[in-house]
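Take a look at the letters that make up each chain.
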Amino acid sequence: MPRRRLPLRAYMLVSLAGILAFVLGAGLLVRRALPPGPSGGGRILAMTAVSAVAVGWLLWVAITCFRRMDEFRQAAAKFAWYWGGSVGVGLSTILYAFIGIGGLHWLDPADFHLGRDLFEAYVLGYMTAVLPILAGFLGARIWWRITKR
Amino acid sequence: MKNRLKVLRAERDWSQADLAQRLDVSRQSVNAIETGKYDPSLPLAFRIARLFDLRIEEVFQDGEGSA
């Protein structure tokens, strides 16, 4: 007897609605309780915690969706994440280098100037996005090796 | 990998959707397997063979002429 499945779209809609409701609701609560200001350590911690819960929710939805897929769709998802992700990170590295060595300033000197502070923020922003992706990739490989011994 | 899925399905007058429902997979999966664009996992291949009451090598051939 085939298992009854909700369509994947239903899970995605629930995911989106949940994340929107949570982030908007929590954002409003934090904003009222801890107004923004120069000494907003509590606010920073609260919003970081809200982000962590939101990501946890998304992770749960992603796992649920993946388990609901049949193997053909799972193979498609793995293909898309591996190759799409790899190519995407590769492209971002090229763009990172181009912008980092002054490519935008070279194209439009009037509007783009990468000063020291902006350059440091740029490097930090890029690394914050890319390093966790690479760490996740490595972690997944290690997990695979450990569990498939 | 070659397979006789389309023939076996036609013999029973099942649509791809019918077969997909019996196997608890999507219709796209059945289509991809039938057209040779996707090789099913061993568990799914066994499920397919069992559904048609055949041995797995009677449904799937490895394309090297051994079956």
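Worth saying up front: this structure is predicted, and the values here are computed from it rather than measured.

Procedures and definitions
Residues numbered from 1 in each chain as written. Chains lettered and ligands numbered in written order. Predicted model: local features only at pLDDT ≥ 70, side-chain atom pairs only at ≥ 80, totals over all residues. Heavy atoms only, no water. Helix = DSSP H or I, 4+ residues; strand = E, 2+ residues; numbered from the N terminus. Contact = heavy atoms within 4.5 Å. 1 Å grid on protein atoms, 1.4 Å probe; cavity = no way out; pocket = protein on both sides within 12 Å on 5 of 7 lines; lining within 4 Å. Points joined across faces, edges and corners; volume = space filled by probe spheres on them. Nonpolar A, V, L, I, M, F, W, Y, C, P; charged D, E, K, R; others polar. Expected span 1.5 Å × (residues − 1). Bend = angle between axes of the 7 residues up to and from the residue. Buried area = accessible area lost by both parts, 1.4 Å probe. Salt bridge = Lys/Arg side-chain N within 4 Å of Asp/Glu carboxyl O. Polar contact = N/O pair within 3.5 Å; in protein donor to acceptor, adjacent residues only side chain to side chain.

1. Brief notes about the environment of A:Val61
All names here are of chain A.
- Within the secondary structure, Val61 sits in helix α2 (residues 41-68).
- For Val61 and Met12, which are 49 residues apart along the polypeptide, the C-alpha to C-alpha distance reads 7.7 Å.
- Leaving out residues up to four positions away in the same chain, Val61 has contacts with Tyr11 and Ser15.

2. Regarding the layout of surface pockets
Residues and elements named next belong to chain A.
- Each pocket or cavity is described by its volume, and for the largest pocket that value is around 1,300 Å³.
- Taken together, 27 residues form the lining of the largest pocket, with Lys78, Trp81, Tyr82, Gly136 and Ala140 sitting closest to its centre.
- If you list the elements that add at least two residues to the lining of the largest pocket, you get α2, α3 (71-100) and α5 (116-147).
- Among the residues forming the lining of the largest pocket, the class breakdown is 19 nonpolar, four polar and four charged.

3. A word on the side chain of A:Gln74
- Looking at where A:Gln74 falls in the secondary structure, it is placed in helix α3.
- Once residues lying within four places of it in the same chain are set aside, the contact partners of A:Gln74 are A:Phe66, A:Arg67 and A:Met69.

4. Things to note about α5(A)
- Over its 32 residues, α5(A) extends 45 Å from the first C-alpha to the last, a length consistent with the 46 Å expected when each residue adds 1.5 Å.
- Along its length, α5(A) shows its largest kink, about 25°, at A:Met127.

5. Here's the deal with the interface of chain B and chain A
- With 11 residues of chain B at the interface, the matching set in chain A holds eight residues.
- When the two sides are added together, the surface that chain B and chain A hide from each other amounts to roughly 820 Å², 48% of it contributed by carbon and sulfur.
- When the buried surface of chain B facing chain A is broken down by residue, B:Asp24, B:Ser26 and B:Tyr38 rank first, second and third, together holding 56% of it.
- In this structure, the connection of chain B to chain A is made through zero salt bridges.
- Our count for the chain B to chain A interface comes out at four residue pairs in polar contact (both at pLDDT 80 or more).
- Per-element accounting of the side of chain B that touches chain A gives the leading share, three residues, to helix α3 (residues 27-34) of chain B.

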